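For reference, the chains in residue letters:
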Amino acid sequence: MTSPVRVRFAPSPTGFLHVGGARTALFNWLYAKHTGGKLILRIEDTDKARNTVEAVQVIYDGLKWLGLDWDEGPGVGGDHGPYFQSERDAVYQRYLEKLQAADAVYLDDKGSTRFKLPRKPIVMEDLVCGRVEVDRSKPINPLGDLEPDMTIRRPDGSWIFHFVNVVDDIEMGITHVIRGEDHLSNTPKHIELYQALGATPPLFAHIPLILNRSGGKMSKRDQGASVQQYIDDGYVPEAVANYLCLLGWSPKDNREKIALDEVASLFELDKINRRNAAFDPDKCFWLNGQYIQQMPLERFRALCQPVLEHAGLPIGGFPNDYLDGVLASVKEKIKLFKDLPAWTSYFFTDDFPFDEEAVTKTLRAPGAPERLQQLAAHLETLPAEGWNHDAIEAAFKDLAAQAGVKTAAFIHPARVAASGRSVGPSLYHLLALLGQEKVLARLRAAASK
RNA sequence: GACCCUAUCGUCCAGCGGUUAGGACAACGGACUUUCAUUCCGUGAACCCGGGUUCGAUUCCCGGUAGGGUCGCCA
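Counting starts from 1 at the beginning of each chain's written sequence and moves along it residue by residue. Just so you know, chain letters begin at A and ligand numbers begin at 1, following the order they were written in. pLDDT decides what is reported in this predicted model: residues at 70 or higher carry local features, side-chain atom pairs at 80 or more are listed and counted, and totals for whole chains, interfaces and linings draw on all residues regardless. To get the side-chain values, take all heavy atoms of the structure and skip hydrogens and water.

1. Structural notes on the pairing of strand β1 (residues 6-9)
Right, on to step 1. Burial along β1 is two-sided: the face carrying Arg 6 and Arg 8 and the face carrying Val 7 and Phe 9 are both buried.
Right, on to step 2. Of the strand pairs in this sheet, β1 and strand β2 (residues 38-41) are connected by four bridges, and their pairing is parallel. Each residue of the ladder has a partner; that of Arg 6, found in β2, is Lys 38.
Right, on to step 3. With its strands directed away from the observer, a crossover is right-handed exactly when the path from the first strand over the helix to the second travels clockwise. Helix numbers and strand numbers start at the N terminus; a helix is a DSSP run of H or I with at least 4 residues, a strand a run of E with at least 2. On the question of chirality, the crossover connecting β1 to the parallel β2 by way of helix α1 (residues 19-35) is right-handed. The rule is simple: take the accessible area with a 1.4 Å probe, protein chains only, and divide by the maximum for that residue type; under 20% is buried, over 50% is exposed, in between is partly exposed. Between any two strands, at least two bridges found by DSSP are needed for them to pair.

Dropping the structure here:
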C-alpha cells in the first residue's frame, strides 16, 4: 500500500537561505529522486512584515544554484496550489471551521485562537531518530503548570506556523516530512493537530542540525551560513551540494567526492546520522578544489565565463582557443571563482594591475631591468612561427647559461613583467599564450618601470 | 527548570561483542617544483565518566556528565 512519495521544502522568505535550510531542501530532493516521488516547494510567508519578492527570489536562486529543482510550487505550478501561504487564507479558514465544529479551539482573552492540546502521551516513530515518546500531560515547571495551549491564529487574523504547516501538509498530500531536528519537540503537537483534523499524520524524519565550529547552532553570522556567500565567492555548486550531503550522511565507503545522482540512488532516510554535525569551511573549500581540478574544461569554462564578463574583461574579443588556453592554464590553480579575474586579467587587457610587492621585490631587484632587456632581445630572435612553450623554455635556459645565473633569475622578473603578479601559471605556458609581440612589449615596459 | 535528541581523533564520516579502532579535512615534517597550487610520502591525534550484562565491551543496558534542541502571537 505504498503511495507515491511527496515531500516538501517549506522555507520562510527571510531574505537569507541558510545552509541548514539548503541541506533540508537537499535531503528532501534526494529522497524524492531516490523514490521517484515529488518535491513540493511551498513558501511559508505568513509573516507579512518580512515577506518580499526579493526575499522569495533568494530562495529560488539558492536552490537553483545548488541544482535542486522542484516538481510543484512557484514557477512550475501543480494541482495543490497556491504554493504561497499568504494566498491560502480560504483553506485555513475551512480547516479552522473543522476544529471549531469539533470544539477543539477557543478564543483567549486577547482574541487569539488557541488549539486545545490533548494532554496525553504521544509516540512518534521518527525515521531518523527512532521511537520517541513524549508525555504532554506532565507539568513543564515546578509550579505544576502544563504547557499552554497552542496559538494557531493571531487576533489580527494572521495564522501561526504550526497550524498552517499542518494544514498545508494535509492539503498537499505530503507523505514524508523531512525537516530539521529543531522541530522534533514540536512534532507531538503537530500530530495532535492532524488527529483533531481527522487526518493521518505523514511520516517524519528529523535530520540533525548543522552547528558552527564552536558547536552552537549555525546562525546567520557564522562563516559559511549563507548560501549566497558561496555564490558570491564563486564556489562550484556541485561541490557545495556534495559537502552538504556529507553532513549527516555517508556512502560508507570512505569516499568524499560523490555525484549528487549517485547520492540520490543510495539515499535512505534511516541511514541519516542522528548527531549534529559541525560545519567545516576548510573541508568544503578543499572539496571545491577537488571539483575544479577534476571537472572537464567545458564545465570550467561555463563557470568562468560569467565571472570574467562580470569583471568587465573583453573575453568575447578573443578566439575560443585562446580563451580555453588561458582557462586551462589556471584551472589547477584557482580555488574560488571570485579569484579568477585577478588570475587572468592580463591575458585579456594590457591595462592590468601590478602587485606592488612583486614590483619592489622582483622587478626593482638589482639587475632585474637589465635582465629583462637581455631577455627581450633574446626572445626577439625567435621566429614568430616558433613561439611556443619548448622554444621559450630553451631560450630562457640558453640565456641563463650564457649569463652564468640560474634560470630563475630571468623567470621571476619575466613573470611579474608579463602578468603583474608573482604567482600564476607555468611561465613558459603563460608567455606562449600571450604571444611574442605582447611579451616583448611587456618585458621592455617593465624594464623601465 | 521540564521535556526531547546526541556522545569514536580538533572537525566530518566509517567500524565492531574479540580490530595494530579505518578514511578525509585541518595541523606538522619531508619529497617534487620557475612562482603559486597540485601531487606523493610520512608523523601526531579519538572510542565522555561510572555501573551492569558477558569469557570479553568502544560496541548492548542503566545512571551521570556534557553538548544541542523545544517549551513564541518566529518559521
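2. Observations concerning the pattern of salt bridges
Right, on to step 1. The rule for a salt bridge is simple: a side-chain nitrogen of Lys or Arg has to be within 4 Å of a carboxyl oxygen of Asp or Glu. Scanning the entire structure with this criterion turns up 26 salt bridges.
Right, on to step 2. Across the salt bridge formed by Arg 94 and Glu 171, the nearest N and O atoms sit 3.3 Å from each other. Taken together, the positions of Arg 94 in helix α3 (residues 89-101) and Glu 171 in helix α4 (residues 161-171) put the pair 77 residues apart, joining distant regions of the chain.
Right, on to step 3. Exposure remark for Arg 94: the relative accessible area of 40% places this residue in the partly exposed category.
Right, on to step 4. Salt-bridge contacts for Glu 147 lead to Lys 189; the nearest nitrogen and oxygen are separated by 3.0 Å. Of this pair, Glu 147 sits in the loop between β6 (130-135) and β7 (150-153) while Lys 189 is found in helix α5 (residues 187-196), placing the two residues 42 residues apart along the sequence.
Right, on to step 5. Connected through shared salt-bridge partners, Arg 8, Arg 42, Glu 44, Arg 88, Asp 168 and Asp 169 make up one network.

3. Topic: the side chain of Lys 331
Right, on to step 1. Along the chain, Lys 331 turns up in the loop between α11 (320-330) and α12 (340-348).
Right, on to step 2. The side chain of Lys 331 is buried and forms no salt bridge, while Glu 332, the nearest opposite charge, is found at 4.0 Å.
Right, on to step 3. By the criterion applied in these results, polar contacts are pairs of N or O atoms within 3.5 Å in which, for protein atoms, one can donate a hydrogen and the other can accept it, and in which residues neighboring in sequence qualify only through two side-chain atoms. Within the structure, Lys 331 has its side chain in polar contact with the backbone oxygen of Ile 292 (distance 3.2 Å).
Right, on to step 4. A polar contact is formed between the side chain of Lys 331 and the backbone oxygen of Met 295, at a distance of 2.8 Å.
Right, on to step 5. We call two residues in contact whenever any of their non-hydrogen atoms come within 4.5 Å of each other. Leave out the neighbours within four places in its chain, and Lys 331 touches Ile 292, Gln 293, Gln 294, Met 295, Pro 296, Leu 297 and Phe 300. Counted charges follow a simple rule, with Lys and Arg positive, Asp and Glu negative, and His plus the chain ends left uncounted.

4. Considering the packing of α4 against α5
Right, on to step 1. Axis angles are defined between N-to-C directions and span 0 to 180 degrees, where every axis is a line fitted to C-alpha atoms and, for a helix, only to the segment in contact. The N-to-C vectors of α4 and α5 enclose an angle of 55 degrees; their axes lie 10 Å apart at closest approach. As judged from the angle between their axes, α4 and α5 are oblique. Viewed along their axes, α4 and α5 form a crossing whose handedness is right-handed. Packed against α4, whose contacting residues are Phe 161, His 162, Phe 163, Asn 165, Val 166, Asp 169 and Ile 170, the element α5 presents His 190, Leu 193 and Tyr 194 at the interface.
Right, on to step 2. Amino acids are sorted into nonpolar (Ala, Val, Leu, Ile, Met, Phe, Trp, Tyr, Cys and Pro), charged (Asp, Glu, Lys and Arg) and polar (every other residue, Gly among them). Considered class by class, the residues forming the contact of α4 with α5 number six nonpolar, three polar and one charged. If an angle is under 35 degrees, it is roughly parallel; if it is over 145, roughly antiparallel; if it lies from 65 to 115, roughly perpendicular; otherwise it is oblique. Left-handed describes a crossing whose near helix is turned anticlockwise from the far helix through less than a right angle; right-handed describes the clockwise counterpart.

5. Things to note about the domain arrangement of chain A
Right, on to step 1. What the domain assignment reports for chain A is domain 1 (296-345) and domain 2 (356-447).
Right, on to step 2. The split into domains, and so the bounds of each, comes from an automatic or database assignment of domains. Summarising the inter-unit geometry, the C-alpha centres of domain 1 and domain 2 are found 23 Å apart.
Right, on to step 3. Facing the eight residues of domain 1 at the interface are six residues of domain 2.
Right, on to step 4. Summed over both partners, the interface of domain 1 with domain 2 comes to about 620 Å²; 67% of that surface belongs to carbon and sulfur atoms.
Right, on to step 5. On the domain 1 side of the contact with domain 2, Tyr 322, Ser 329 and Trp 343 bury the most area, a combined 62% of that side's loss.
Right, on to step 6. Applying the counting criterion to the domain 1 and domain 2 interface returns zero salt bridges.
Right, on to step 7. Between the two partners, domain 1 and domain 2, sit one residue pair in polar contact (both at pLDDT 80 or more).
Right, on to step 8. For the side of domain 1 that touches domain 2, the leading source of residues is α11, giving five residues.
Right, on to step 9. Each residue belonging to the side of domain 1 that touches domain 2 can be placed in one class, and the counts come to five nonpolar, two polar and one charged. As used here, buried area is the combined drop in accessible area, with a 1.4 Å probe, of two parts when they are placed together.

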